[in-house]
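# Topology and contacts: notes
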6 protein chains.
Amino acid sequence: MTVIAVNVNGFPCMDASRVTANDFMFRGLDIAGDTSNMMGSNVTPANVMQIPGLNTLGISLARIDFAAPLGLNPPHTHPRATEILVVMEGTLSVGFITTANKLFSKTLEKGDVFVFPKGLVHFQQNVGYSNAVAISALSSQLPGTQQVAQSLFGASPPVDASLLAKAFKIDVPLVQLLQRKFLG
Amino acid sequence: MTVIAVNVNGFPCMDASRVTANDFMFRGLDIAGDTSNMMGSNVTPANVMQIPGLNTLGISLARIDFAAPLGLNPPHTHPRATEILVVMEGTLSVGFITTANKLFSKTLEKGDVFVFPKGLVHFQQNVGYSNAVAISALSSQLPGTQQVAQSLFGASPPVDASLLAKAFKIDVPLVQLLQRKFLG
Amino acid sequence: MTVIAVNVNGFPCMDASRVTANDFMFRGLDIAGDTSNMMGSNVTPANVMQIPGLNTLGISLARIDFAAPLGLNPPHTHPRATEILVVMEGTLSVGFITTANKLFSKTLEKGDVFVFPKGLVHFQQNVGYSNAVAISALSSQLPGTQQVAQSLFGASPPVDASLLAKAFKIDVPLVQLLQRKFLG
Amino acid sequence: MTVIAVNVNGFPCMDASRVTANDFMFRGLDIAGDTSNMMGSNVTPANVMQIPGLNTLGISLARIDFAAPLGLNPPHTHPRATEILVVMEGTLSVGFITTANKLFSKTLEKGDVFVFPKGLVHFQQNVGYSNAVAISALSSQLPGTQQVAQSLFGASPPVDASLLAKAFKIDVPLVQLLQRKFLG
Amino acid sequence: MTVIAVNVNGFPCMDASRVTANDFMFRGLDIAGDTSNMMGSNVTPANVMQIPGLNTLGISLARIDFAAPLGLNPPHTHPRATEILVVMEGTLSVGFITTANKLFSKTLEKGDVFVFPKGLVHFQQNVGYSNAVAISALSSQLPGTQQVAQSLFGASPPVDASLLAKAFKIDVPLVQLLQRKFLG
Amino acid sequence: MTVIAVNVNGFPCMDASRVTANDFMFRGLDIAGDTSNMMGSNVTPANVMQIPGLNTLGISLARIDFAAPLGLNPPHTHPRATEILVVMEGTLSVGFITTANKLFSKTLEKGDVFVFPKGLVHFQQNVGYSNAVAISALSSQLPGTQQVAQSLFGASPPVDASLLAKAFKIDVPLVQLLQRKFLG
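The model shown is predicted, which means the values in this text are computed figures rather than measured ones.

## Brief notes about the overall build of chain A
Helices and strands together make up the secondary structure of chain A, namely three helices and eleven strands. Secondary structure elements in chain A, listed N-terminal to C-terminal, are β-β-β-β-β-β-β-β-β-β-β-α-α-α. In terms of overall dimensions, chain A has C-alpha extents of about 60 × 45 × 35 Å along its principal axes. Considering chain A as a whole, with its 184 residues, one finds that 53% of them fall into the buried category.

Right, dumping it as structure tokens:
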């Protein structure tokens, strides 16, 4: 038997005769993600990795859980997607920063919707007294996520410490301390 | 004063200096839509008509409410969008029909996700004992919705009755009865 | 020998050295399609299934034949394409319905051109005394066609009859009659 | 009165309430173009300049008439479109040249279809004994046409004659003769 | 006189009759940018803001100057563009970080080319003994640049200090110190 | 062993775990191309054929060398790309011709930038006393180049000489002479 794995800009198409309704389905977005981590947040994706039928369709979902108090989905970007979020439970402080370094932010309650334009740094934080939950839709079948602090201070191999020191206007030992925290 | 209304493939861009966080926000997706209508369902959109900041970003949201029992979002298409839906409450029977006339359908519970590929006829119905609620994301800032039965039998001016009779393999008086129901 | 069938969002590319002029050609659009069927119409496609060289090029053709009198290309959509049609012979009544349920229709004679925007329900019917012929171009190499009545009443497996009854505001036995007609 | 002419990447959208079926229609593709010119051919376009409703829809049509004998649609490109042509009457010799300088050509009879991929130099010539007619579809609402010989030898202002002499490996007086023919 | 400023997803098109060769030209990419700033680098753009003819064409250029030693184009993203850079003079250490937190980096000499995929955090630093110069091309007529440290610590209004403290795993006074440096 | 060569609209994707920084790099754009040919010019590409990491990213670079005097990059098109060029050394006369047969041209010195819109015939010629060098960026990972004179008079198999005679308004023996020069 010859097993062939071809990567086709992400995903091969299935033989149409073998596709079923299961290829368009995902179960479990009602299950709270585990927020017992340093940031106090958790993202449960429902994209083409979980739903093969999303291939070529340019959209996906995610559930985001935020612990109380102050669970944080830290500043990050989606290189290939705009995000539109709706709060299902709790109170979130959300914002994005434009290429002109303007912060656009809002405090959102249940039922509020907010848009994070494609590629811009954005964040969400639980500023209420109970857990918060949001559903986000993203304009890509595989949006990708780049955590800003993690990618800069926790890259593998590490980014040169003196480069980061200059970029962040701090000294090298502080960069190295940050790198130990993010790589640890 | 000269008021200028230019339609620019949908929407003109705002002057960057006048854009605020409000242009990326919408409130009220937690409010149940009024389902006291013949189909027993209601769609609350959150697209570029409600959120100017979505312009050019290619995504939008909607809340769909379904009365119990059997509230129906009847067979329809979105000419410009794929839809990905997550059930927030209740039990839905959902399906879409392919261009090969195959029905792909599932019964969804809370937390289940289903994909309706771009342009295909699809539907959702409440098959549980209580109200049902879903959040849908669509891969267009203004997806458009074409209700199949309403557009065929309730168009203005009406589609020729004998044409519809032939297409649906029914007689003309029955078409005329349907037209009275949908145009009434 | 290992035969490999990879589906790549539709179609694999050929090895450039093996491509010939034949891959960009199709013969037979002058041949009338067989209209001896219930609708009295026939579509002869010339898309990427017939012309491999159309792969990635986003366009295709079709010939449509209409018997006299009243041959009908019944209400349908192309999920992935706009259609632009020119009448070669005969007289056609054509129309499409917008997402606002407006019918835009015209009677076309030889040489008349009409546009059916992407994803909208549309139809063409022979309203002259002789056979009619049209050439249509579609803005996709594989536009797909969804026959509205056939997909709803003739899907396999069938769409639930009571769901269709509610959607079309008719009773279940009538739906079942329609389903027998379309599935028969 | 304030007259406003804004060019919006081609065309502004109309106010939806003022759009009618006429905006999606064009009459006259059955009328033979006047081929009493040096090349013995004529192109009648049906694109967004003639059909406002094509705006944003990415497709258009054209009728091409060829006198007998040897009416020629000379080598040209469409910078923004693939072309797919069907012969309605007569016999055409058609071809395109790839970026590897391969000529892909065919002799086409009535009903034959041929594809000219986006941006490549191509041509069609009547090689039969009677007039020939083709219908072409193009994958752009405004495909543009660049006649190769006309653009090089008939540009305004003229391309430097010694540059053209070097490019075509001919002497300057011959270029100047050609320029007089194309500019005359 | 009525002055009309319509923003059309960036830029209105000019009236074709008024376009000249100047609209496709820009002078001065041979002029070294002023690197006497904290980072020791300078970007000179040649995009649609400088060259109106780039409108709708999806590409632009930039010149980047790096002082010696260690001039830094600090970690940043282009929300709408891939970048491909060629070193004209000097020695650069360049890198980008993937969404899997992998650092892909290289030391580049004169004539070396490197690609920074769309939306990912990347940087370039002069690691030679003399000034360095690079030319970059970007896959957008207006790629936008988001400086990571500047956008997070120098946004206006400021991002909440405790949020940044949590995201970067540092204490609030240190965040406030950083904010003073970037906002100062 | 089973060797599998799948062409996927150009290029298969690599397995993510096997990608390295080398896949995003190319060396040698500082090396002058050999201009000892009839046209006195040479193009060194840096596209997806040389840099696998460019796959799906829609951009590429090239270096163009021009001998003195009068080295010529003869009239050509890129069927899939806009080009933006910057002069690194020397003096170039450049131009493109619109679909309305207007020539837009400029004489460029070091540091000058010029845009050649997608699909239009354009050229560059050294009009200075020393060698000239340009860097061009193109809005495609594999832009393709069609040399106008070479493709018309040097195609394989040849384009019919009488067709070219008619198109260029010259006689057949002259076409045959040109064909011998370009095919020789």
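## Regarding the sheet that holds strand β5 (residues 83-89) of chain C
An order of β2(C)-β3(C)-β10(C)-β5(C)-β8(C)-β1(D) is seen for the six strands of this open sheet, with the pairing classed as antiparallel. Taken across any chain shown, the strands that pair with only one partner, and hence form the sheet edges, are β2 (41-46) of chain C together with β1 (25-26) of chain D. Two elements, β2(C) and strand β3 (residues 60-66) of chain C, share six bridges in a ladder whose sense is antiparallel. The residue bridging Thr44(C) from the neighbouring strand is Arg63(C), located in β3(C).

## Topic: the interface of chain D and chain F
With 39 residues of chain D at the contact, the number on the chain F side is 40 residues. For the side of chain D that touches chain F, the secondary-structure elements that each account for two or more residues are β4 (72-77), β6 (92-97), β9 (122-126), α1 (148-153), α2 (161-168) and α3 (172-183) of chain D. Classifying every residue of the side of chain D that touches chain F by side-chain character gives 20 nonpolar, 13 polar and six charged.

## A few points about the relation of the copies chain E and chain A
For the pair of chain copies, the relating operation is a rotation around an axis with a shift along it. Expressed as a screw transformation, the operator carrying chain E onto chain A has a rotation angle of 180 degrees and an axial translation of 0.0 Å, and the superposed copies differ by an RMSD of 0.0 Å. The transformation relating the two chain copies, once decomposed into turn and shift, fits a two-fold axis. Among all residues of chain E, the one whose C-alpha sits closest to the rotation axis is Gly119(E), at a distance of 2.9 Å.

## A word on the arrangement of the chains
Kept free of each other, chain A and chain D leave a smallest C-alpha distance of 19 Å between them. One finds no contact linking chain C with chain E; the least C-alpha distance across the pair is 19 Å.

## Observations regarding the domain arrangement of chain A
A common measure of how large an interface is: the accessible area buried when the components associate. Its domain assignment divides chain A into domain 1 (24-145) and domain 2 (154-184). A separation of 27 Å is found between the C-alpha centroids of domain 1 of chain A and domain 2 of chain A.

## Section: the environment of Ala165(F)
Residues and elements named next belong to chain F. Tracing the backbone through its elements, the reader meets alanine 165 in helix α2 (residues 161-168). Note: C-alpha distance between alanine 165 and valine 175 (ten residues apart in sequence) is 6.0 Å. Excluding its chain neighbours within four sequence positions, the residues that come into contact with alanine 165 are Ile170, Asp171, Val172 and Val175.

## Some details on the interface of chain E and chain A
Facing 40 residues of chain E, the contacting portion of chain A comprises 40 residues. The residue inventory of the side of chain E that touches chain A, partitioned by class, reads 21 nonpolar, 13 polar and six charged.

## A few points about the sheet that holds strand β4 (residues 72-77) of chain E
Strand order in the open sheet formed by five strands is β7-β6-β9-β4-β11 (chain E), with antiparallel pairing between adjacent strands. Whereas interior strands pair on both sides, the edge strands pair on one side only; in this sheet they are β7 (103-108) and β11 (146-147) of chain E. Pairing between β4(E) and strand β9 (residues 122-126) of chain E: three bridges, direction antiparallel. Directly across from Asn73(E), in β9(E), lies its bridge partner Gln124(E). Lying on the sheet, helix α2 (residues 161-168) of chain A is in contact with β4 and β9 of chain E; it crosses β4(E) at an angle near 80 degrees.

## Re the relation of the copies chain D and chain F
Between chain D and chain F, the superposition needs a rotation of 180 degrees and an axial shift of 0.0 Å, giving an RMSD of 0.0 Å. When the interface residues of chain D are mapped onto chain F, 100% of them again lie at the interface, so the same face is used by both copies.

## A few points about unusual backbone geometry
Cis geometry marks the peptide bond from Ser156(C) to Pro157(C), where omega comes out at -5 degrees. Tracing the backbone shows Pro157(C) in the loop between α1 (148-153) and α2 (161-168). Residue Ala68(F) is joined to Pro69(F) through a cis peptide bond whose omega torsion reads -10 degrees. You can see Pro69(F) is positioned in the loop between β3 (60-66) and β4 (72-77). Although it is not a glycine, Lys169(D) sits at a positive phi angle of roughly 60 degrees.

## Some remarks on the packing of α2(A) against helix α3 (residues 172-183) of chain A
All names here are of chain A. Packing of α2 against α3 brings their axes to within 8 Å, and their N-to-C directions diverge by 110 degrees. Classified by the angle their axes make, α2 and α3 are roughly perpendicular. Along its contact with α2, which presents Ala161, Ser162, Leu164 and Ala165, the element α3 presents Val172, Val175, Gln176 and Gln179. Across the contact of α2 with α3, the residue classes tally to five nonpolar, three polar and no charged.

## Focus on the environment of Asp34(A)
Residue and element names in this part refer to chain A. For aspartate 34, the position within the fold is in the loop between β1 (25-26) and β2 (41-46). You can call aspartate 34 exposed: it has 10 C-beta atoms within 10 Å. Sequence separation between aspartate 34 and alanine 67 is 33 residues, and the spatial gap between their C-alpha atoms is 8.9 Å.

## Here we look at the confidence of the model for chain A
Residues and elements named next belong to chain A. Across chain A, the average pLDDT comes to 93, with 92% of residues at 70 or higher. Contacts of residues 1-6 to residues separated by more than four positions or lying in other chains number eight contacts, the stretch itself having pLDDT below 50. Here the predicted complex carries an ipTM of 0.93, next to a pTM of 0.95.

## Description of the pairing of strand β6 (residues 92-97) of chain A
Each regular strand shows side chains that alternate between the opposite faces of the sheet. Residue and element names in this part refer to chain A. Across the six residues that make up β6, a large majority, five, are buried. Direction of pairing for β6 relative to strand β7 (residues 103-108): antiparallel, over a ladder of six bridges. Looking across to β7, one finds that glycine 95 is bridged to serine 105. Joining the antiparallel neighbours β6 and β7 is a turn of five residues, in which asparagine 101 adopts a positive phi near 60 degrees.

The rules behind the values
Sequence order as written defines residue numbering, which begins from 1 separately in each chain. Each chain gets a letter, beginning with A, and each ligand a number, beginning with 1, in the order they are written. Since the coordinates come from a predicted model, pLDDT governs what is reported: local features require at least 70, and pairs of side-chain atoms require 80 or more to be given and counted, while whole-chain, interface and lining totals use all residues. Counting from the N terminus, the helices are DSSP H or I runs at least four residues long and the strands are E runs at least two residues long. Any residue with 12 or fewer other C-beta atoms within 10 Å of its own C-beta is exposed, any with 20 or more is buried, and the rest are partly exposed; the C-beta atoms used are placed from the backbone. Should DSSP find at least two bridges between two strands, the strands are taken to pair. Residues are treated as contacting if the C-beta atoms built from their backbones sit within 7 Å of each other. Just so you know the grouping, Ala, Val, Leu, Ile, Met, Phe, Trp, Tyr, Cys and Pro go in nonpolar, Asp, Glu, Lys and Arg go in charged, and all remaining residues, Gly too, go in polar. When the copies are superposed, the least-squares fit takes in the C-alpha atoms of residues with a pLDDT of at least 70 in both. Each domain's extent was defined by an automatic or database domain assignment. Comment: axis = line fitted to C-alpha atoms, over the contacting stretch for helices; angle = value between 0 and 180 degrees taken between N-to-C directions. By definition in this entry, angles of less than 35 degrees are roughly parallel, angles greater than 145 are roughly antiparallel, angles of 65 to 115 are roughly perpendicular, and the rest are oblique. Known as pLDDT, the predictor's per-residue confidence is scaled from 0 to 100.

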